[in-house]
Amino acid sequence: MVPKTTYTALEVTDLSIGYASNEIANAINFSLSAGELTAIVGVNGIGKSTLLRTIGNVQPKLSGNIDLEGTPLEALHSKALASKISVVLTEPIASKNMTVVELVALGRQPYTNWIGSLSPKDKAKITDSLNRLELRHLKNKKCYELSDGQLQRVLIARALAQDTTIMLLDEPTTHLDLYHKVQILKLLKSIAHETNKTILFTSHEIEMCIQLCDTMLLLDGANNPFGQPCELIGSGAFDKLFPSDTVSFDATSGSFRIEK
Ligand SMILES: Nc1ncnc2c1ncn2[C@@H]1O[C@H](COP(=O)(O)OP(=O)(O)OP(=O)(O)O)[C@@H](O)[C@H]1O
């Protein structure tokens, strides 16, 4: 277990995101400590994936600031960035012909030498990631032989092997059944708390996030409230998320109720 140190791992200030001149969301402000599990939630098309990709430097911001451990994102060179942020996106992977262990080993690329040979430290990180994601028995399987849930765990293992301060995941529980959704979120929580990594992910599982996350960012196209789930519930942040004649939020149980 990595000793807990609290410092600001990621700070987002007055961020505006979008595509070319098309602004999708603005006034995004939040700050994440090391060892924190945080979900970005909000309705379809509000900009959750766009925000995650912007923080991961996959696409440019429109304006505002993104600071990683006090350094502006744009001041970091790609190699330094790859040792600070790992990103798991929803796009299908091009390398399904690889074995599980080969794909996880790709996470070590920022650290390997010019011929890409793995040091004992690289091998230890790969083994640790496979163990933590319960993938040892699958390590020699081809990725195309895996179920969606198993592949999701492999992609998280690759990001974990990258050993970055911050892990970004776009909808890590899509396609999974209820049990495996909970399993993945609990796993992410244990990784964040036990290894002091900051994990930020997008999700539609708002009720699950309320129960399992340390903090949540609710993209709502207006104020984008951020805080601990209980604070967001207390401030009524979830109440207007969906049209109340269809779905309403019950603050006592922290769950949504379908209006019949
Ligand atoms: N490559 C792109 N070019 C232009 N606009 C885009 C692009 N990708 C997404 N958008 C638009 O940006 C907006 C936000 O999309 P985004 O995928 O970030 O939302 P989201 O909250 O993640 O949605 P969902 O919950 O449906 O996954 C949408 O209106 C979408 O049409």
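See the structure printed just above.
As the structure is a prediction and not an experimental result, all values here were calculated from the model. (Residues numbered from 1 in each chain as written. Predicted model: local features only at pLDDT ≥ 70, side-chain atom pairs only at ≥ 80, totals over all residues. Heavy atoms only, no water.)

K.L.:
How should I be thinking about the packing of aromatic side chains in this particular structure?
P.N.:
Any aromatic ring pair is given by two values, namely how distant the centres are and how the planes are angled relative to each other. Scanning the model with the defined rule gives 4 aromatic pairs in all. Considering the side-chain rings of phenylalanine 30 and phenylalanine 226, the 5.6 Å spacing of their centres and the 35° angle between planes classify their relative orientation as tilted. Of this pair, phenylalanine 30 sits in strand 2 (residues 22-33) while phenylalanine 226 sits in strand 10 (residues 226-227), placing them 196 residues apart in sequence. Residue phenylalanine 30 is classed as buried on the basis of its relative accessible area of 5%. Among the residues examined, phenylalanine 226 registers a relative accessible area of 27% and is labelled partly exposed. Ring geometry for phenylalanine 242 and phenylalanine 256: centres 5.4 Å apart, planes at 70°, overall edge-to-face. Linking phenylalanine 242 in the loop between helix 8 (229-234) and strand 11 (247-250) with phenylalanine 256 in strand 12 (residues 255-258), this pair joins segments that are 14 residues apart in sequence. (Phe/Tyr/Trp six-rings, centres within 6.5 Å; stacked < 30°, edge-to-face > 60°. Helix = DSSP H or I, 4+ residues; strand = E, 2+ residues; numbered from the N terminus. Buried < 20%, exposed > 50% of the residue type's maximum accessible area, 1.4 Å probe, protein only.)

K.L.:
Just to check I follow, could you spell out the sheet that holds strand 5 (residues 71-72) for this structure?
P.N.:
Strand pairing in a sheet takes place through backbone hydrogen bonds and is either antiparallel or parallel in direction. Here 4 strands make up an open sheet; going across it, the order is 2-1-4-5 and the pairing antiparallel. Whereas interior strands pair on both sides, the edge strands pair on one side only; in this sheet they are strand 2 and strand 5. Of the strand pairs in this sheet, strand 1 (residues 8-19) and strand 4 (residues 63-68) are connected by 5 bridges, and their pairing is antiparallel. From the neighbouring strand, glutamate 11 faces strand 4, where its bridge partner is aspartate 67. Packed on one face of the sheet, helix 1 (residues 48-55) meets strand 1, strand 2 and strand 4 and runs near 120° to strand 1. (Pairing = 2+ DSSP bridges. Contact = heavy atoms within 4.5 Å. Axes fitted to C-alpha atoms, helices over the stretch in contact; angles between N-to-C directions.)

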